[in-house]
Amino acid sequence: MKNIGIKIIMVSLIFLGTKGYSQKKAKQSFDVKRNEVYIDSMMTNALEKGFFPGAQIIVGTGDSNLISKNYGYHDYAKKQLVKSEDVFDLASMSKVLGATIVTMRLVSDGKIKLTDQVDEIVPMYKNTAIADLTLFELLTHTSGLTPSITFYQALLSTPDNSPLLSNQKSEQYVEPFDNMFVNKNIVYDSKYLVFEPKENWVQIYKNMWLNPEFYPSVYERIAKANTNPRGKYLYSDLNLLLVKQMIETKTGKKLDEFTNEIYTELGISKIGYNPLKWTSIDNVMPTEVDNFFRKDTVKGYVHDEAAAIFGGVSGNAGLFANAESIAVICKMLMNNGNYKGKQILKAKVVKEFTDSPLAKEGIYRGLGFDKRKPDEFFTKDDFGHTGFTGTFFFMNRNTNRFLIILTNRVNPTRTNRLMYKDDFSAKIWRQINK
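Bear in mind the structure is a predicted one, so any value in this text is a computation, not a measurement.

Draft legend 1. Structural detail: the environment of Val 82. Positionally, Val 82 belongs in the loop between strand S2 (65-72) and strand S3 (88-89). A sequence separation of 11 residues divides Val 82 from Tyr 71, and the C-alpha atoms of the two residues are 6.2 Å apart. Setting aside chain neighbours within four positions, we find Val 82 in contact with Gly 54, Ala 55, Gln 56, Asn 70, Tyr 71, Gly 72, Tyr 73, His 74, Phe 88 and Met 285.

Encoded structure:
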């Protein structure tokens, strides 16, 4: 009995010691100061080297924000500091935070199925080459659709039919655009594009209105765009254009109406399409100096040209937000669709969309969500998305971490890819998960 008593005491002491060590380890699992020093150093280096003019960053868990900071300025004039309420053009992060989340809600409510085919919902695609593509294929980017189509360039021409762009600077090709130069004699198609408001025409920029009769030609081009092997992974903006069409045709409700309903349930207001409808232009980060299409520094209107021709509301891009609003969505997703006791999305749907259903085929993509083949920066359980403008958000429920980095690296030009060459966002993601 005495030996049994001693053994019980010893086991109890070991248990208490282990428990104490675990609690101590848990408390030390994220060293805020050490990680903040690392992030500050990364940001200082990025700003000094011109990776981007300004940034917001939030590191958090399913319950709280651990680090929340702003860096730099709106642009390189350095007159306006980045503030917490400033909103950034999210670019392709919109694919997840807009169309995908709405799809998750519709799947949760049983209003749409992943096996639904394009032509079953959108009649205009019956008897086309993309008729039997499924919602699953669109969301996993296995549809075979070409990565993108520059629809807007059909609105532009030159009097002598010379190319719109040249890779050589000359007297005729002066202003830079991406790594090309713009023909100075470009004219706009007045049948489809005007520079004064016109009844029933769609505003696509602050001084541009598009004739809705242009859209059938857009859909016709999408219907002929499956030029790659079906079932293989190929990232395409067109997939999410079709997802938006399926959502809106199936429900009779516009994508921005749907997203606003979900954002309202989450209590977030610094997120949405067409930001000048809900915030001041002073709170919107500028993006590119567009010498080609809009002939202006783009600010308050979506940078992506495909999203622009849809009036700023698109499946592939169009959302603007601050980091704080996105942090709320991260917490909801990390808590299996629940936020502050309210079930926004069904837990099984969150799991289904954030898994990698095609991993056995070597495709690590989630449904809508970006997932990566495990490497030095990412694990199989990480999920999120990035954006062309220099935005990034990723989560991991196992490590209980999320990271949001918002930048406007395309200001003043999209040719600035320094943050990618440095693996800037991936390095910070790896650091906070150590």
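Alright, that's what it looks like, and here's the rest.
Draft legend 2. Representation of the UniProt feature "domain: Beta-lactamase-related" (unreviewed entry) in the chain. Cross-referencing UniProt, the feature "domain: Beta-lactamase-related" (unreviewed entry) maps to residues 40-417 in the present numbering. Between the end C-alpha atoms of residues 40-417 there is a gap of 20 Å, over a span that is 25% helix and 19% strand.

Draft legend 3. Representation of the nonpolar core in the model. By size, the foremost hydrophobic cluster in this structure holds 97 residues, and its most contacted members are Leu 97, Ile 222, Ile 326, Ile 329, Leu 333 and Ile 404. Once residues lying within four places of it in the same chain are set aside, the contact partners of Leu 97 are Leu 90, Tyr 263, Leu 319, Ile 326, Ile 329 and Phe 393. Grouped together as the second largest cluster of nonpolar side chains are 24 residues, Ile 39, Met 42, Phe 377 and Phe 424 included.

Draft legend 4. Representation of helix H7 (residues 237-251) within the structure. For H7, with 15 residues, the first-to-last C-alpha span of 22 Å sits near the 21 Å given by 1.5 Å per residue. The element H7 is extensively covered by neighbouring structure, given that 12 of its 15 residues are classed as buried. Asp 237, Leu 238, Asn 239, Leu 240, Leu 241, Leu 242, Val 243, Lys 244, Gln 245, Met 246, Ile 247 and Glu 248 are the residues of H7 that are buried. For H7, the elements touching its buried residues are helix H3 (93-108), helix H4 (118-121), helix H5 (135-139), helix H6 (215-223) and helix H8 (255-266). Residue Ser 236 occupies the N-cap position of H7, its side-chain oxygen lying 3.1 Å from the main-chain nitrogen of Leu 238. Remark: Gly 252 follows H7 within two positions and exhibits a positive phi of approximately 75°.

Draft legend 5. Main features of the sheet that holds strand S1 (residues 54-60). Strand order in the open sheet made by the five strands is S2-S1-S20-S19-S18, with antiparallel pairing throughout. Looking at the sheet topology across the chains shown, the edges are occupied by S2 and strand S18 (383-387). On average, each strand axis in the sheet is inclined to that of its neighbour by 5°, with strand direction left out of account. Across five bridges, S18 lies against strand S19 (residues 391-396) in antiparallel orientation. Residue pairing across strands places Gly 384 opposite Phe 394, the latter belonging to S19. Contacting S1, S2 and strand S20 (401-407), helix H2 (residues 32-49) runs over the sheet at an angle of about 20° to S2.

Draft legend 6. Region of the structure containing the packing of H3 against H8. Where H3 contacts H8, the axes come no closer than 9 Å and their chain directions differ by 75°. The orientation of H3 relative to H8 falls into the category roughly perpendicular. Of H8, the residues touching H3 (which contributes Leu 97, Gly 98, Ala 99, Ile 101, Val 102, Arg 105 and Leu 106) are Leu 255, Phe 258, Thr 259, Ile 262, Tyr 263 and Glu 265. When grouped by side-chain class, the residues that make up the contact of H3 with H8 number nine nonpolar, two polar and two charged.

Draft legend 7. Seen up close, H2. In a regular helix each residue adds 1.5 Å, so 18 residues correspond to 26 Å; H2 covers 26 Å between its end C-alpha atoms and thus fits that length. Those residues of H2 not exposed but buried are Asn 35, Ile 39, Met 42, Met 43 and Ala 46. Buried residues of H2 fall within an arc of 95° about the axis and therefore sit on the same side. For H2, the exposed residues lying more than 90 degrees away from the buried face are Lys 33 and Glu 48. Lining the buried residues of H2 we find S1, S2, S20 and helix H13 (424-432).

Rules used in this analysis
- Residues numbered from 1 in each chain as written.
- Predicted model: local features only at pLDDT ≥ 70, side-chain atom pairs only at ≥ 80, totals over all residues.
- Heavy atoms only, no water.
- Helix = DSSP H or I, 4+ residues; strand = E, 2+ residues; numbered from the N terminus.
- Contact = heavy atoms within 4.5 Å.
- UniProt positions renumbered as here; feature names shortened; annotations may be inferred.
- Core = buried A, V, L, I, M, F, W, Y, C linked by side-chain atoms within 4.5 Å.
- Buried < 20%, exposed > 50% of the residue type's maximum accessible area, 1.4 Å probe, protein only.
- Expected span 1.5 Å × (residues − 1).
- Polar contact = N/O pair within 3.5 Å; in protein donor to acceptor, adjacent residues only side chain to side chain.
- Pairing = 2+ DSSP bridges.
- Axes fitted to C-alpha atoms, helices over the stretch in contact; angles between N-to-C directions.
- Parallel < 35°, antiparallel > 145°, perpendicular 65-115°, else oblique.
- Nonpolar A, V, L, I, M, F, W, Y, C, P; charged D, E, K, R; others polar.
- Arc of directions from axis to C-beta.

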